[in-house]
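A look at the structure
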Amino acid sequence: SCDMYPSDHWEAVVSTQSTGMGRHFVQVDCELFSRRFSFLTSHLESMKDHSAERCNQFNKVLSYMTSENLLQNITIFGGDMNLRDSEVRRLHNHEAFADVWEEVGRDAATRYTWDTGANTNTGAPYKSKLRFDRVYLRRSGPGKCVPVSLTLVGKTKLQSCDMYPSDHWGLLTRFSVQ
């Protein structure tokens, strides 16, 4: 456990401009263990037929993560990306980033964050499993930051409403920073 202290410029909301669903990404900068971090999150364009825009948005975030103003920070991007595996292979410069789920061993038990068979919140009449939610770490940067584990969270129904916290499972990721 540690305290997060915002740096001078600690939060930014960056528009992806071409979105049809009002999407953007949020950045929070902080200092942990005497190291500067930038955490980014977004909910990228949804639905299969919005693949081109979703890939455009993801490429914009990856490009931003390698911009000069973040090179001195350990940079992590996570969120509801709605990405399909086939889309990730088409992205620019994706090899410069570590997919945390892959880095920690590709555990089948933590692969799918959207599972209409197990998570009844959507009420979908079909069963589908996808890895919409992901966490990426920029490979280069100061110090060493290594993903250690990834766990699915939010898999227990809330007693007050007999529903899960979301229609997606959440991701809890642990890192070792040296």
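Counting restarts for each chain, with residues numbered from 1 along the sequence as it is written. Local features in a predicted model are, by the rule used here, given only for residues with pLDDT of at least 70; side-chain atom pairs are given and counted only at 80 or more, and totals for whole chains, interfaces and linings are based on all residues. Side-chain measures were taken over the full set of non-hydrogen atoms in the model, leaving aside hydrogen atoms and water.

On to the layout of surface pockets. Two kinds of site are reported from a 1 Å grid over the protein atoms alone, namely cavities, where a 1.4 Å probe fits but cannot get out, and pockets, open sets with protein on both sides within 12 Å along at least five of seven lines, and residues are called lining when an atom falls within 4 Å of a point. Grid points are joined across faces, edges and corners, and a volume is the space filled by probe spheres set on the points. What the second largest pocket holds in volume is close to 260 Å³. When residues of the lining of the second largest pocket are traced back to their parent elements, those giving at least two are α2 (85-88), β5 (97-99), α3 (100-103) and β8 (133-138). A run of H or I in DSSP counts as a helix once it spans at least four residues, and a run of E counts as a strand once it spans at least two, with each numbered from the N terminus. The dominant element in the lining of the second largest pocket, judged by the number of residues it contributes, is α3, at three residues. Under the scheme applied, nonpolar residues are Ala, Val, Leu, Ile, Met, Phe, Trp, Tyr, Cys and Pro; charged residues are Asp, Glu, Lys and Arg; polar residues are all the others, including Gly. Its residues assigned to classes, the lining of the second largest pocket comprises four nonpolar, one polar and 11 charged.

To describe a pair of aromatic rings, you give the distance between the ring centres and the angle between the ring planes. Stacked, tilted and edge-to-face are the three classes applied to pairs of Phe, Tyr and Trp rings, where Trp contributes its six-membered ring and a pair requires centres within 6.5 Å; stacked means planes under 30 degrees apart, edge-to-face means over 60, and tilted covers the rest. Scanning the model with the defined rule gives six aromatic pairs in all. An angle of 40° between the planes, with centres 5.3 Å apart, marks the rings of tryptophan 114 and phenylalanine 132 as tilted. Here the residue tryptophan 114 occupies a position in strand β6 (residues 114-115), and phenylalanine 132 occupies one in the loop between β7 (129-130) and β8, the gap between them amounting to 18 residues. The pair tryptophan 114 / phenylalanine 132 is uniform in exposure class, with both members buried. Pairwise contacts between aromatic rings join Phe58, Phe77 and Tyr136 into one cluster. Accessibility here uses a 1.4 Å probe with only protein chains present; expressed as a share of the type maximum, an area under 20% marks a residue as buried, one over 50% as exposed, and anything in between as partly exposed.

Take isoleucine 74: it is sitting in strand β4 (residues 74-80). Considering only alpha carbons, one finds isoleucine 74 and glycine 143, 69 residues apart in sequence, at a separation of 7.8 Å.

Note: two strands are recorded as paired if DSSP finds a minimum of 2 bridges between them. Where strand β2 (residues 24-32) and strand β3 (residues 35-43) come together, eight bridges link them in antiparallel fashion. When the sheet's bridge partners are listed, cysteine 30 is paired in β3 with phenylalanine 37. Once β2 ends, the chain turns through two residues before running back antiparallel as β3, passing phenylalanine 33 with a positive phi of about 50°. Bridging between β3 and β4 involves seven bridges; their strand directions are parallel.

What follows is about unusual backbone geometry. You will see that arginine 106, though not glycine, has its phi angle at about 55°, which is positive. Mapped onto the fold, arginine 106 is located in the loop between α3 and β6. For aspartate 162, which is not glycine, the phi torsion reads 55° and is therefore positive. The topology assignment puts aspartate 162 in the loop between β9 (145-153) and β10 (170-177).

Coordinates in, geometry out; function isn't part of it.
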